Amino acid sequence: MKALSRLAPAFAAALAVAAIAVPVSAASAATRSAPASPAHRHWFQGGGADAVFVMTDNTAANAVVAYHRASSGALTLAGTYDTRGLGGILSGSVVDHTASEGALTYDRASGLLFAVNPGSNTVSVFKVSGDQLQLSQVIWSGGDFPVSVTVHGNHAYVLNALGGGTLSGYQISGGWVSPIAGSSRSLGLGTTSATAFTGTPGQVSFSPDGKALLVTTKAATNAVDVFAVNRDGTLSATPTVNTLAGDVPFAVAFDQSGHVVAAEAGPNAVATFSLAPGGVLTQLAVADTGQAATCWIVRDGQYFYASNAGSGSVSGYSVGSSGGLTALGNTTTDAGTVDATGAGNGRFLYVQTGKAGIVDEFAVGSGGALTSIGSVTVAGSAGGEGIAAA
């Protein structure tokens, strides 16, 4: 693996110092309901289809912007929804203010969309109907500066980036989200204000079978922590720590065989791993992207796409049955490539680019080749992260 020192030049073109948003007080810990405006109430019947949602992470008033997805893949603005929370900015960021993946997460089974509010230490829960949203709850994140949410079955977990990194679990029942007693876990990362951007955790993700919960720690400890998930939704007391020296694991996805596919910002690479029942990761393959600031990775049908913030590009890969990687090439995006989402059963890819708050739209062709079909500018979202498709 490459040395950690390669991380700094990879990000250099994209970074500048920014202030951390001030979190709300502990008084916000209570779960609050948030009804929709009367004019919108008749829309919501659960479920969703043909829509893409983008979070602004605006520090004045966070919002989720909804787009209708046409059969061609083109996006049309459908509405903007206040999260009743605040966005946040990690010190040291410019094009990726939360430095994370999964800030906006859609759960098709429950028809719920989860949006983090880093500046308020809350998570907004929306009910989804097509390209329309209804804000139903604003819940405490259980920690400081929430950046990522994952859902499996009737359990959800929120990753908080500051305060050493913490996890908080929630139960989903009847479209309502409530805390799981005894679910909180501390990562103990020892992050300081000087290392907030690179030294905070990047993503929380359930394994496909829901038996494991993975957390990437980026440059804090260069590890993927794997917790065992109990039947009641609580976690093992401590995780299995998989140290990947110098690799800066930022984000993960899973292939159809359950292999972990990781984006590594240290060497600017994509790597695959097997995941053993005890939480141990074993590397299967690794491929350099040849790009700068390779941080995010998403599965779109049978292909995977890694976002390269420093190069303004995405790198495509296919993964073989044994975890082998085949490069599909790099595709240029707008500046500051961050999170992405697939849609239409692998037919489309939508890439969030943080420099100007643009979402680039691509059709996925034969062999995973990407063809541009347009772009939209999301008002007030420069530097924001969080994108999901229904």
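Everything quoted here is computed from the prediction, not taken from an experiment.

**Considering the pairing of strand S14 (residues 203-206)**
- Burial along S14 is two-sided: the face carrying Gln203 and Ser205 and the face carrying Val204 and Phe206 are both buried.
- Where S14 lies against strand S15 (residues 212-216), four bridges are found, and the strand directions are antiparallel. Bridging from a neighbouring strand, Phe206 pairs with Leu213 of S15.
- The turn joining S14 and S15, which pair antiparallel and follow one another in sequence, is formed by five residues; a positive phi near 75° is taken by Gly210.

**A closer look at the side chain of Thr294**
- Here Thr294 lies in strand S22 (residues 294-300).
- The exposure class of Thr294 is buried, given its relative accessible area of 0%.
- A distance of 2.6 Å separates polar atoms of two side chains, one belonging to Thr294 and the other to Asn308.
- With residues near it in sequence (within four places) discarded, Thr294 still touches Ala263, Glu264, Ala265, Asn268, Ala269, Thr289, Ala306, Ser307 and Asn308.

**Let's talk about the confidence of the model for the chain**
- Per-residue pLDDT for the chain has a mean of 90; in total, 88% of the residues score no lower than 70.
- Contacts for the low-pLDDT stretch residues 1-48, under 50 throughout, to residues beyond four places or in other chains number 114 contacts.

**As for unusual backbone geometry**
- Of note, the phi angle at Asp57 is positive, near 55°, even though the residue is not glycine.
- Here Asp57 is to be found in the loop between strand S2 (51-55) and strand S3 (63-69).
- Residue classification places Asp57 among the buried positions, given a relative accessible area of 2%.
- Backbone geometry at Asn222 places phi at a positive 50°, although glycine is not the residue there.
- Looking at the secondary structure, you find Asn222 in the loop between S15 and strand S16 (223-228).
- Residue class for Asn222 comes out buried when judged on its relative accessible area of 8%.

**As for the pairing of strand S29 (residues 370-377)**
- Bridging between strand S28 (residues 358-364) and S29 involves seven bridges; their strand directions are antiparallel. The partner of Val359 across the bridge, within S29, is Val376.

**Some words on the nonpolar core**
- Formed by 42 residues in total, the largest nonpolar core has its most connected members in Leu167, Leu213 and Ile297.
- With four residues, the single largest contributor to this core is strand S10 (residues 155-162).
- With residues near it in sequence (within four places) discarded, Ile297 still touches Glu101, Ala251, Val252, Ala253, Val261, Ala262, Ala263, Val270, Phe304, Tyr305 and Ala306.
- Core analysis: the second largest hydrophobic core is formed by 31 residues, Ala51, Phe53, Leu133 and Ile172 among them.

Rules of the game
- Residues numbered from 1 in each chain as written.
- Predicted model: local features only at pLDDT ≥ 70, side-chain atom pairs only at ≥ 80, totals over all residues.
- Heavy atoms only, no water.
- Buried < 20%, exposed > 50% of the residue type's maximum accessible area, 1.4 Å probe, protein only.
- Helix = DSSP H or I, 4+ residues; strand = E, 2+ residues; numbered from the N terminus.
- Pairing = 2+ DSSP bridges.
- Polar contact = N/O pair within 3.5 Å; in protein donor to acceptor, adjacent residues only side chain to side chain.
- Contact = heavy atoms within 4.5 Å.
- pLDDT = per-residue confidence, 0-100.
- Core = buried A, V, L, I, M, F, W, Y, C linked by side-chain atoms within 4.5 Å.

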